[in-house]
Structure formats: C-alpha cells, structure tokens
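Each chain, letter by letter, is given below.
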Amino acid sequence: MNDQIAIGAYKLSKTFKIPHEHNDTFKERLVSLGKSMTYETFIALDEVSFEIAKGEFFGIIGRNGSGKSTLLKILAGIYTADKGTIILNGSIAPFLELGVGFNPELSGKDNIYLNGTILGLSSKEIDKKYKSILEFSELERFIHMKLKNLSSGMQVRLAFATSINADREILLLDEVLAVGDLGFQKKCFDVFHNFIKNGKTIVFVSHNIDAVRKYSNRVLYLETGRILHLGDPITVCNQYLTQY
Amino acid sequence: MLAKTDLKMRYQGSWLGIIWVFLKPFCLFLILNFVFSHLFFKDTPTYSIRLLVGLVLWSFFAEASMNGMISLLAKAHILKKIYMPKWLIIVSSSIHSSLAFFFNLIILFIFLFFYYHIYPSLLHILAFLLYVSLIYGISLVFSFFTATLYVKLRDLNQIWELLLQVLFYASPIIYPFTAVPANVRSLLYLNPMTLLIEHSRIALIDNGIARLDHLLIFICIFIPCLLVSIWFMNKTSRKIIEIM
C-alpha cells in the first residue's frame, strides 16, 4: 500500500433489494406470512475500483442514479458495501451534506454548536472556532435569529462555514454549492484550494460540470454503477457533455 | 448534546417548560394515591410513599425503553447523512429519560425526608442506586434489541405500549408484593421490574437489604443479556440505514 494514497477503493459492489410490497409493520408481516417476498434488485455499484492520491481534488460526475451518492455513502461509512475493500488513509469527514442535524427552530449560534458536535468537535473546540465560523459565513447580524428565518443560501453558508472547521483530511462533498451566491462560491473554492495545498483530499460530486472541469485534478465518470471514464478533467467532462 | 437539543425542542414554547417532565408521573400518583389509599390500603401507613417509589421507577423504565426503541428511526434524517455509531444514538436517547427521573427522584426524597421522616443510611442509598442502574440497564438491553427491529416493524411501539400497560399491573406498583397469593409470586418474578421495585422499597423505606441471592441471580442473567443485546444491535444495524 502506498502512503501517498488517501482513498483506495477496490472492486466495490453494492446491490439494493427493493421489495415490491413494503411490509413495515408486524401486522403486515403476519398477514403476508407464507407468501414469498418479491424483490427488485438494483445494482448501484458494480466492481468500482479507483485510487485517490493525497492532495487531490477528485471530481465525480454522472447522471442521476448512476451511483455517485451511493459511492460517497459507502466511503463515509453510512452504507456498507456488499463486496470489495476500501482503504482510507487519514481521517475522513463522515458526512456528505452540509448542515447535518440543523434544527430550524434553534438559533444560528445553537446550530453551529449542534452541527459541530455531530461532526465530532468538542464544545471547547467550537468555542475556539466560533469566531472564524461566524466571520466566514458573514452572518453576524443574523446569528441569533432562528434558522428557519434565514434564507436557504444563508443556511448553506452557515453549514459550510461549520463543516470546513471540522478539520478532517478527506472531505466528501455531494452537490453542496448549488444555492450559495457567486461570491460565496468563489470563497468556497478558495478554501478548497487551501485544503489541497495543505495535502488534504476532496471528493467532489456535482452536476456543475464547469466547476468540476475547472477545479478537479482528475474526474471519474459513473454510468449505471460502472466507471465509464477516469482521468483528465477536460477529456472526461467533454465526453460527458457530448452525450447531450 | 443531542439530548440537550431534544430537551430544548420538546418543551420549547410551553411556559410550563421542564415542569412537564415531572408533572406526568405525579398526576398519576395523585390519582392512584387518592383511589387506593382511601379505598383499599387504609391500614398501611406507608402506602403512599411505596406507591411513589414504584411509580417513579416504573415511569423511568417505561420512558427509557420507549425512547430507546424509537431512537434510531427518530434520528433517521441525521443517520442517513453522516456516519455515527448506533449505540451512541440509543444511549443518548436515554439521557433525556434519566434527567426526568433525576428530577422525580429529588421530589421522592423530599417526601421521604420531610413528610415520612425516613432517613435511609448511605448503604441503603447505595443499594438503591444499584437497583436504579439495573433498571437503566434493562431498558438499555431492551432498546438495543428493539431499536433496529423498530425500523423494520413500525408498529412495535404500539405493541410495546400495550405490553407496558399489562406489565404495569403485573408489577407491584399499586399493590404491595405481599398482597399477591404465594403461588403467583414466582410468576411475578419473571418480570424483572418486580424484583427491582420491591428491593428498592425495602432499601429506602424499610431500611433493609433485600435477599442478596435473588439480586445475584438477577445480575447473572442480566450480564449475558446485555452482551447478547449489544451483539444483536451491532449485527442488525449494519444495513439498517438503507431501509429507513
């Protein structure tokens, strides 16, 4: 195993069994006792292998349902793969979406603490980082308002500012910048740039092909659970775009 | 932290706030006390305090087991987005019930000291705390078994609510254990709450230590149950997120 590798995935497979009828209650189970359950099998990932180097900005593209999110969820440890192995070098941020656990009824400040705790920070660490989170999100005026009264863009800004302070070596980002304004998006990519310079790794899933092409070192193109292309961002993105 | 938010959420906007936590068991206590101490147990001077001990312990068990059972599904929105150890979610759900229990306990001791002038010695209080931690233990065992099952069988909470009602009358809460005919007593001991409630009363009110051999047998059964429940939870929680 190479020390320069941040993530190694070897022959990952994942199949979902989707039952035709949902027998979600004890009562239904009793009623349908003896009947055999019928499943629809859906192959989300089919022997996907790749390696991501440390300090790489790794883009993943593909159509809806091609297995991008499933792949990230397996990397994060939320799902377990049916087959294959994963090697992780360095601490991984175990989330794909920003603002996990955000509660609309609480104030922005409370939500920073809540989200930070879920991301594995102690309250002392959050105390220390609170100011920089606030500065980055530019929400000083709104921080004591309930989250539900903030615009969705502001919520994402708050979430993003909290998440990047989680201090992990590998970041998984699943379509996270869709709602931020242009200035904020630019700021985010500056942060990513800094991360990469410090040897951190970013896995970036997006439908924003321009951003993927511009910032990635390499791009993985998934189609129905298989790797269609893997390599240089310009070639792979163009291949993706020629489909339409 | 999760528990703290839970608490904040549940009682937000109600001006009685945290008072609700202990108002519930005490309303029940007032009703039951009124009915039974005047009608049936006129010659037992300590009936009320015995009832209170039983009720406080019982509501702790009922709340903790119910919250524990629904805990994983209730946190589905977070678990789908971020990796978290499942036991952490289950244990943190019980913190809320423990807090409510703690408040109830304070009131119980106020009654005990200032109304009945019963002052249990340190040894007896320690024994009582051991019984309490065993009650906490069995509600955890129950939660470990049912939290993952509840995701698959969503009417389990209704079944459990019903069973709790049956168990309430099958535990010596509103009646003393000695009122039960001798031939039924051993049957009653199948209910783990029987022993713990009965022993707690002996420690707190009668200032005695109940039969240690019973306790020892209890612990000898309890520990393997705990281990099996942890094993069961680990085994079943691996793929639980996908069906939430």
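Since the model is a prediction, treat every value here as computed from it, not as a measurement.

J.: Would you explain the pattern of salt bridges in this entry?
T.: Pairing between side chains of opposite charge can happen when their charged atoms approach one another. Residue and element names in this part refer to chain A. All told, the structure shown has 13 salt bridges over all chains when counted by the stated rule. Note that Asp82 and Lys14 form a salt bridge whose closest N and O atoms lie 3.8 Å from each other. Note that Asp82 is positioned in the loop between α2 (68–76) and β4 (83–88) and Lys14 in strand β1 (residues 5–19), a separation of 68 residues in sequence. On the basis of relative accessibility, which here comes to 33%, the residue Asp82 falls in the partly exposed class. Overall, the relative accessible area of 0% leaves Lys14 in the buried class. One salt bridge connects Lys186 with Asp190, and the closest N-O pair in it is separated by 3.6 Å. With Lys186 and Asp190 both in helix α6 (residues 182–197) and four residues apart, the pair spans about one turn of that helix.

J.: Honestly, the interface of chain B and chain A in this entry has me stumped. Any pointers?
T.: It is common to give the size of an interface as the accessible area lost on bringing the parts into contact. At the junction of the two partners, chain B supplies 21 residues and chain A supplies 31 residues. In total, about 2300 Å² of surface goes out of reach between chain B and chain A, with carbon and sulfur atoms giving 62% of it. Applying the counting criterion to the chain B and chain A interface returns two salt bridges. The salt bridge partner of Lys239 of chain B is Asp82 of chain A, with a shortest N-O separation of 3.0 Å. Run the count over chain B and chain A and you get two residue pairs in polar contact (both at pLDDT 80 or more). Looking at the side of chain B that touches chain A, the element that brings in the most residues is helix α1 (residues 2–10) of chain B, giving three residues. A class-by-class count of the residues in the side of chain B that touches chain A yields ten nonpolar, two polar and nine charged.

J.: Which parts of the structure should I look at to understand the packing of aromatic side chains?
T.: Two aromatic rings, taken as a pair, are described by how far apart their centres are and by the angle between their planes. By the definition in use, this model includes 32 aromatic pairs over all chains. A ring pair is formed by Phe160 of chain A and Phe192 of chain A, whose centres lie 5.8 Å apart and whose planes are at 70 degrees; its orientation type is edge-to-face. Of this pair, Phe160 of chain A sits in helix α5 (residues 152–163) while Phe192 of chain A is found in helix α6, placing the two residues 32 residues apart along the sequence. Residue Phe160 of chain A shares its accessibility class with Phe192 of chain A, and that shared class is buried. Taking the centre distance of 5.7 Å and the plane angle of 55 degrees together, the rings of Trp58 of chain B and Phe61 of chain B count as tilted.

J.: What is the right way to read unusual backbone geometry from this model?
T.: Leaving glycine out, the prevailing phi sign among residues is negative, and the prevailing peptide bond configuration is trans. Residues and elements named next belong to chain A. Positive phi, close to 55 degrees, is recorded for Lys11, a residue that is not glycine. Mapping Lys11 onto the fold places it in strand β1. Its identity as a non-glycine residue notwithstanding, Glu138 has a phi of 55 degrees, on the positive side. Its place among the elements puts Glu138 in the loop between α4 (123–137) and α5. A residue is classified by how much of its surface remains accessible, and Glu138, at 42% relative accessible area, is partly exposed.

What counts and how
- Residues numbered from 1 in each chain as written.
- Chains lettered and ligands numbered in written order.
- Predicted model: local features only at pLDDT ≥ 70, side-chain atom pairs only at ≥ 80, totals over all residues.
- Heavy atoms only, no water.
- Salt bridge = Lys/Arg side-chain N within 4 Å of Asp/Glu carboxyl O.
- Helix = DSSP H or I, 4+ residues; strand = E, 2+ residues; numbered from the N terminus.
- Buried < 20%, exposed > 50% of the residue type's maximum accessible area, 1.4 Å probe, protein only.
- Contact = heavy atoms within 4.5 Å.
- Buried area = accessible area lost by both parts, 1.4 Å probe.
- Polar contact = N/O pair within 3.5 Å; in protein donor to acceptor, adjacent residues only side chain to side chain.
- Nonpolar A, V, L, I, M, F, W, Y, C, P; charged D, E, K, R; others polar.
- Phe/Tyr/Trp six-rings, centres within 6.5 Å; stacked < 30°, edge-to-face > 60°.

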